[in-house]
Amino acid sequence: MPKLSRSGKAAVIFFPGSNCDQETCAFLNPFYQNVDVIWHRDRFEAKSYDLVVLPGGFSYGDYVRAGVCAARSPAMADVIHFAKNGGPTIGICNGFQILAESGLLPGVLIRSELGRFDCRYVSLKNTSASNLKWQVPEQVILPIANTFGRFYLPDDQDSRLWNEGHVVYTYESQESISGIAALTNREGNVLGMMPHPERAWAPHHAYQFGSRLLPNGSDL
Amino acid sequence: MSLSAPELQLISETLGRVPNDLEHRIFDSLWSEHCSYRHSKPFLSRYKATHRFGALGVEANAGGVQLSDGQTVFFKIESHNHPSHIEPKEGAATGVGGILRDIFAMGARPIVTGDLLCFGLPDQDAWMRHLIPGVVNGISSYGNAIGVANAGGATRFDARYQYNILVNVFALGVRSAQNVIDAEIPQALLKNPEDLELHIFGCKTGRDGIGGASMASETFSEASVSKRPQVQISDPYMGKRLLEISLTLVQEKLVVALQDCGAAGLSGAVFEVCAQNKCGATVALDQVPQRVNDLKPGEIAVSESQERMVAVVHKNQRDAVASLCAKYDVPHGVMGCLDSKSEIKLLFGEKVESVLDPQFVCTGHQSLYTNLSPSDAKGFSSDAAFKYESGTQSLKESAEGWSASLQGCSREWIVRQYDQHVGGRAVLDPVNHPVSVHVATPDFAAHSDCQTIVGTRLSLSPEWAEQYPYVAAWSLVREAMRQLWVTGLKPLGFTNGLNFANPEKKNVIKAFDETIRGISEAAVHYKVPVVSGNVSLYNASEQNEIPPTVAFGAVGEGRLQHHPQVVNHYPDTLYVYELASDSDDVHQTALDQMLKNLGEVAPTIARGFFSDLKPIWQGFIRWMNSMPESWTGNLTSLTRDSILKIGQPVAWIVTTEPLLDLKPSNGVTMKQLGVLTRCFEKQNAELKIECTDGAIEILDLEQLKLTSTHTLTERAQLL
């Protein structure tokens, strides 16, 4: 993500069941001087970081509901504090589910329309969220890989998200998948997304859109 | 329990008494076919002839080959047929878990798995309709969760698997030159064996999977469903932590040897480590972390509870190992230590439960099975009667029939449930490429321009292997070589899963021998080693037996910058060529040479189609059906015979640029058949074909694709 100068520090929180640690660290390495993997049970000095990442996976085996247990991990207390003070925080896939379950983002991620795990590339449409403290490219193709990827919020609250411009990406019309793919909070510093930018940036990946996703103020 | 009378007699004579419960369970597990390879070992010795071409670690958990960047790549195929037929989800999931532990026991980080599945016909019975989604769900729930990318594989549907499905799992991992570990202990450390402790870490031991190895060594009967408790239960979240702990232990040199607790559980791991290192041990079974508190010593010794590893640890590192396990919340126990005696003393509390010689436990039964030996037949002649299938239909009928058949239809419903991208190393989407390609360089940072890639070709024996096992085995190797070459990869090594019926039957053991001979002779011909493998016998039921089935894996390497990136996104025009060798020799060496030359200019090659296992036409139609975009095209001068038959010295290649200057090598002629053009109106997606006999046919490609997509879900009633 940000800063090709390789300065700054990024923290990747590792929960039991996280499984995107490899590609998430590889994705951040070219941009940050330090990429620290934080074990979920360890408290950490969040304010010394420039970015906090909640990676994808199946934290706690999706027990109760995807993200529920992880949202209550000791390290999450520091993440929540960091995010509420404006720190750039991104949750990808299971990370998005954890953000929703921890209250940093509204709503919940439920079983997708297809009803089974689904791995494919999807086209996303940027809905130009206001306040967003991230640079996000316009038209994007990214991979998804999840079972519980359908964002849900009761209608009245859902329309408020749209009205207030918190929706970052929606899925381009596809047979089995629709609705919100990425979402930000009111302040615009917390970003949750189901698609995987960390699997679409390197020369060998089918697409490289992920490398253009940056927190504001990053100097490329 | 399945020990035979002569086996029991040998055990009693050697021990000088009747074995107790604990001993009985240990022998039953370790002398089962699944663990001891008692019927197959003499035949597998044929593969030794291939090892000189660069095989590493052939006696270890998984075999490997060296990459040109100094890393070692380890890979293996394992079968989980019997448990999957009884409990599909857990059977398949624990198959994935087991093979991954074999890879990381070598200190290698697993980066790819794949699956070779054989099912019966789903429209015939409800149990098969239960098994298909169950197996796929097991593979996806375990593999996706532990975070190793799935490279697809192959799936076959055939009535001969109606009562005995096959689930073979492939895994591949990469290890850097610094991280050397083996089940073999360095001699210097063995001088003071009492300093070396036996640790166990991972899931607590329970009653699941007791007797699993001996169950997998019997044929099926009505009573088999009662064996459900012998199927183990998987826990990928523990698996992921075990993986990270194991790799950290190896990297920080905290362990001396590492062994997966697989078939025969704890006793399998401990007895094998001692037999291999010619040492003894004292093992306190009560020190093993247990899930329930009333386990008998014999149950602890052979339980196949999943997600456990046994490590040999120097006593100075004991605390470091314990605290690493504690950090990850992984149960850990110190069971005892090695010694220089030639016996393993098993304790439970104060009581000595048994004293056994590890050499006798691991190899003692071999004296009972000396009468089995491979036949001496040599050369390509034994299947001389092999007749190529000839198609009589029109190409259109053939394409329609194939797209609507279970054999030829799209596998997308299966493959889309597997995470192909986790780990971030996948280069090619396995849904529409026969070779899956992954970056092997440990740090695949953005701007590194000399990355090593590994490619895997996974395939299954053709349907005609029962009649012609030798030719089928040879063809399997040749097809894999060709696929790797045209993908721009240098073939490095093979692995194989050999699935056969009851080996006590003459025709079965003959086919087994012929198959191994076919693979090993082809491997010697191509100078590529067979580094690892698995044998699963007794795949039969009261109703029928499976045909000889090889799950084959071929691994090659290349460089990312030389690789056809473009195949992820085809240009708007593709060119189709036919290569034909004028000599009809069985080795088809001239054609091989030509394909190898072409592979060296690989950036222009999108796909290759060969007639080694199935007709070129079927492969081509399957590929057209798998492409996400719509295409229209024109192919002329097709020779019906050469593309509808099997084993023809003919190949098709599809390129992204016209091949202008390429000179065919000696004995091969090349002609352009036509072009394919991307089209944006689906209704225009048609292929016009002209045959040399004057017939002109038009295929509706969109209709074929639709048929292909829906066949599996409709016939298997999948949701």
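Now for a quick tour of the structure. (Residues numbered from 1 in each chain as written. Chains lettered and ligands numbered in written order. Predicted model: local features only at pLDDT ≥ 70, side-chain atom pairs only at ≥ 80, totals over all residues. Heavy atoms only, no water.)

Residues and elements named next belong to chain B. Here we have seven strands laid out as an open sheet, ordered S19-S21-S18-S22-S20-S23-S24, and mixed in their pairing. At either end of the open sheet lies a strand with only one pairing partner, and these are strand S19 (605–610) and strand S24 (696–700). Each strand of the sheet is rotated relative to its neighbour by a mean of 20°, with strand direction disregarded. Taken together, the nine bridges between strand S18 (residues 573–581) and strand S22 (residues 668–679) define a ladder with antiparallel strand orientation. Pairing of Thr573 across the sheet is with Thr677, part of S22. Sitting on the sheet, helix H17 (residues 469–486) is in contact with S19 and strand S21 (650–655), with an inclination near 165° to S19. (Pairing = 2+ DSSP bridges. Helix = DSSP H or I, 4+ residues; strand = E, 2+ residues; numbered from the N terminus. Axes fitted to C-alpha atoms, helices over the stretch in contact; angles between N-to-C directions. Contact = heavy atoms within 4.5 Å.)

Once that is clear, we can look at the pattern of salt bridges. Side chains bearing opposite charge may pair, as long as their charged atoms lie close to each other. Summed over all chains, the structure comprises 44 salt bridges over all chains. The salt bridge involving B:Asp329 is made with A:Arg41; its shortest N-O contact spans 2.6 Å. Residue B:Asp329 is located in the loop between helix H13 (318–327) and strand S10 (332–339), and its partner A:Arg41 is located in the loop between strand S2 (34–39) and strand S3 (51–54); the two belong to separate chains. Judged by relative accessible area, A:Arg41 falls into the partly exposed class, the value being 35%. Taking the shortest distance from any N to any O, the salt bridge between B:Asp612 and B:Arg478 comes out at 2.7 Å. Placement of the pair is B:Asp612 in the loop between S19 and helix H20 (616–626) and B:Arg478 in helix H17, with a sequence separation of 134 residues. Of the residues examined, B:Asp612 reaches a relative accessible area of 0% and is grouped as buried. What you see here is one network of salt bridges that share partners, running through A:Asp21, B:Arg109, B:Lys240 and B:Glu244. (Salt bridge = Lys/Arg side-chain N within 4 Å of Asp/Glu carboxyl O. Buried < 20%, exposed > 50% of the residue type's maximum accessible area, 1.4 Å probe, protein only.)

Looking now at helix H11 (residues 265–277) of chain B. Residues and elements named next belong to chain B. In this model H11 runs 19 Å from its N-terminal to its C-terminal C-alpha over 13 residues, within 8% of the 18 Å that 1.5 Å per residue would give. Most of H11 sits out of view: eleven of its 13 residues are buried. Every buried residue of H11 is listed here: Gly265, Leu266, Ser267, Gly268, Ala269, Val270, Phe271, Val273, Cys274, Ala275 and Asn277. Looking one or two places after H11, you find Lys278, whose phi comes out positive at around 50°. (Expected span 1.5 Å × (residues − 1).)

In this section: the interface of chain B and chain A. The interface of chain B with chain A comprises 37 residues on the first partner and 31 residues on the second. Buried surface at the junction of chain B and chain A, summed over both partners, amounts to about 2,900 Å²; 56% is from carbon and sulfur atoms. On the chain B side of the contact with chain A, B:Tyr237, B:Arg416 and B:His421 bury the most area, a combined 19% of that side's loss. At the boundary of chain B and chain A, one finds three salt bridges. Taken together, chain B and chain A are joined by 15 residue pairs in polar contact (both at pLDDT 80 or more). For the side of chain B that touches chain A, the secondary structure elements donating two or more residues are helix H7 (126–146), helix H10 (236–251) and H13 of chain B. (Buried area = accessible area lost by both parts, 1.4 Å probe. Polar contact = N/O pair within 3.5 Å; in protein donor to acceptor, adjacent residues only side chain to side chain.)

Residues and elements named next belong to chain B. Phi at Lys253 is positive, roughly 55°, even though this residue is not glycine. Checked against the element boundaries, Lys253 lands in the loop between H10 and strand S7 (257–260). You will see that Ser637, though not glycine, has its phi angle at about 45°, which is positive. The topology assignment puts Ser637 in strand S20 (residues 630–638).

Attention now moves to the pairing of strand S9 (residues 308–314) of chain B. Residues and elements named next belong to chain B. Counting buried residues in S9 gives seven out of seven residues, a clear majority hidden from the surface. Burial of S9 is two-sided: the residues Arg308, Val310, Val312 and His314 facing one way and the residues Met309, Ala311 and Val313 facing the other way are all buried. Where strand S6 (residues 196–202) lies against S9, seven bridges are found, and the strand directions are antiparallel. Residue pairing for S9: Glu197 is matched across the bridge by Val313. Pairing of S7 with S9, which is carried by four bridges, proceeds in the antiparallel orientation. Residue Asp260 lies in a different strand from S9, and its bridge partner there is Met309.

Before going further, it helps to examine the nonpolar core. One recurring pattern in soluble globular proteins is that nonpolar side chains are buried together. All names here are of chain B. By size, the foremost hydrophobic cluster in this structure holds 68 residues, and its most contacted members are Phe494, Leu498, Phe512, Ile519, Phe552 and Leu595. The element best represented in this core is H17, accounting for twelve residues. Mapped onto the domain boundaries, this core takes at least three residues apiece from domain 2 (59–178 + 422–563) and domain 3 (371–409 + 565–719). Here Phe552 is in contact with Ile77, Leu116, Arg457, Leu458, Ser459, Leu476, Val477, Ala480, Phe494, Thr495, Asn496 and Ile519, once residues within four sequence places are set aside. (Core = buried A, V, L, I, M, F, W, Y, C linked by side-chain atoms within 4.5 Å. Domains from an automatic or database assignment.)

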